[in-house]
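One-letter residues, chain by chain:
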Amino acid sequence: MSEDAKLFLLVFFSINFSVLFIFLINAFIKSAKKRKKQNRVNHFGDSAEKKVAKYIEKNLRFCTLIRDVYLKTENGLTEIDQILICDRGIFIIEIKSHNGYIITKGKHWTQRWGNKVVRFHNPTIQNNVHKTALENILKKRQSIASLPIYTVTVFTSSKVSFSENVKNVIRLPLLAKFVKNKPRNKRISETVVASVEKLIRNNMETSRRKQEKHKRRIYQNNDKKRAYHTNRFSVK
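All of the points below concern the structure found in this document.

Cut-off values and rules
Residues numbered from 1 in each chain as written. Predicted model: local features only at pLDDT ≥ 70, side-chain atom pairs only at ≥ 80, totals over all residues. Heavy atoms only, no water. Helix = DSSP H or I, 4+ residues; strand = E, 2+ residues; numbered from the N terminus. Buried < 20%, exposed > 50% of the residue type's maximum accessible area, 1.4 Å probe, protein only. Contact = heavy atoms within 4.5 Å. Areas by Shrake-Rupley, 256 points an atom, 1.4 Å probe, with all protein chains shown as cover. Lys, Arg positive; Asp, Glu negative; His and termini not counted. Salt bridge = Lys/Arg side-chain N within 4 Å of Asp/Glu carboxyl O. Polar contact = N/O pair within 3.5 Å; in protein donor to acceptor, adjacent residues only side chain to side chain.

### Regarding the overall build of the chain
No. 1: A tally of regular secondary structure across the chain gives five helices and 10 strands.
No. 2: Residues counted as buried form 36% of the 236 residues belonging to the chain.
No. 3: At a minimum sequence separation of 6, the contacts of the chain that also span at least 24 residues come to 66%.
No. 4: Of the roughly 15200 Å² that the chain leaves accessible, carbon and sulfur atoms contribute 53%.

Here you go:
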């Protein structure tokens, strides 16, 4: 092989190696940014859920609380933030940490906060999916299959307002009132509460791998429509 040919191959492989190296570095940086962003979102969610759990411990001591409930559905897993069980019934709690002004219309609600406009799934629709999944679990035991199930979406921020009130969507300080306003059910004894808790826990998906896979899928779907600057997305 001539010296010119060797030089050509050396330059060719050097250029391709450099391009490949830059591509891998960029891919790594993008992946790291996504992980950091997802961790930040998870942090806010975890913080809000802890806030609700602490509130329940203080104001609804007579209730049994189950956190981070993953149930199977026809379309994979669904995650219920918290389930509350007491003599009033079973309460499915969807927790939101959003600040600002929330436009409560359609399949996706819109948060306006500073110069950002963020769209997110209508939590009342999410709770309907959660309720169906839980009903399918309770059907496995006839004695508790017909117990009342209530859904509620709780916003934890004190700096949140809504374009219009939506049924079963409240701020955290109203959660105790929401629960206590439901009529007591004579069928729901301490034994029944314990049975419901055991049935739910026995049917929860506990695999961390499957839970994380579900979280990544939800995050990726949400990330496609998460944040827009107001000069790119207008709300009417």
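Now, onward.
### Quick look at the side chain of aspartate 81
No. 1: Turning to its location among the elements, aspartate 81 is positioned in strand 2 (residues 76-86).
No. 2: Although aspartate 81 is buried, it forms no salt bridge, and the closest oppositely charged side chain is lysine 96 at an N-O distance of 6.1 Å.
No. 3: Of note is the side chain of aspartate 81, whose polar atom sits 2.8 Å from the backbone nitrogen of isoleucine 95.
No. 4: Look past the residues within four positions of aspartate 81 in its chain and what remains in contact with it is Glu49, Ile66, Arg67, Asp68, Ile93, Glu94 and Ile95.

### Brief notes about the pattern of salt bridges
Close approach of charged atoms allows side chains of opposite charge to pair.
No. 1: Under the criterion given, the structure shown has four salt bridges.
No. 2: A salt bridge links aspartate 87 to arginine 88, with the nearest nitrogen and oxygen atoms 3.3 Å apart.
No. 3: For lysine 96, the salt bridge is made with glutamate 94, and the minimal N-O distance between the two is 3.3 Å. The burial state of lysine 96 is the same as that of glutamate 94; both residues are buried.
No. 4: One connected set of salt bridges, linked through shared partners, spans Asp87, Arg88 and Arg184.

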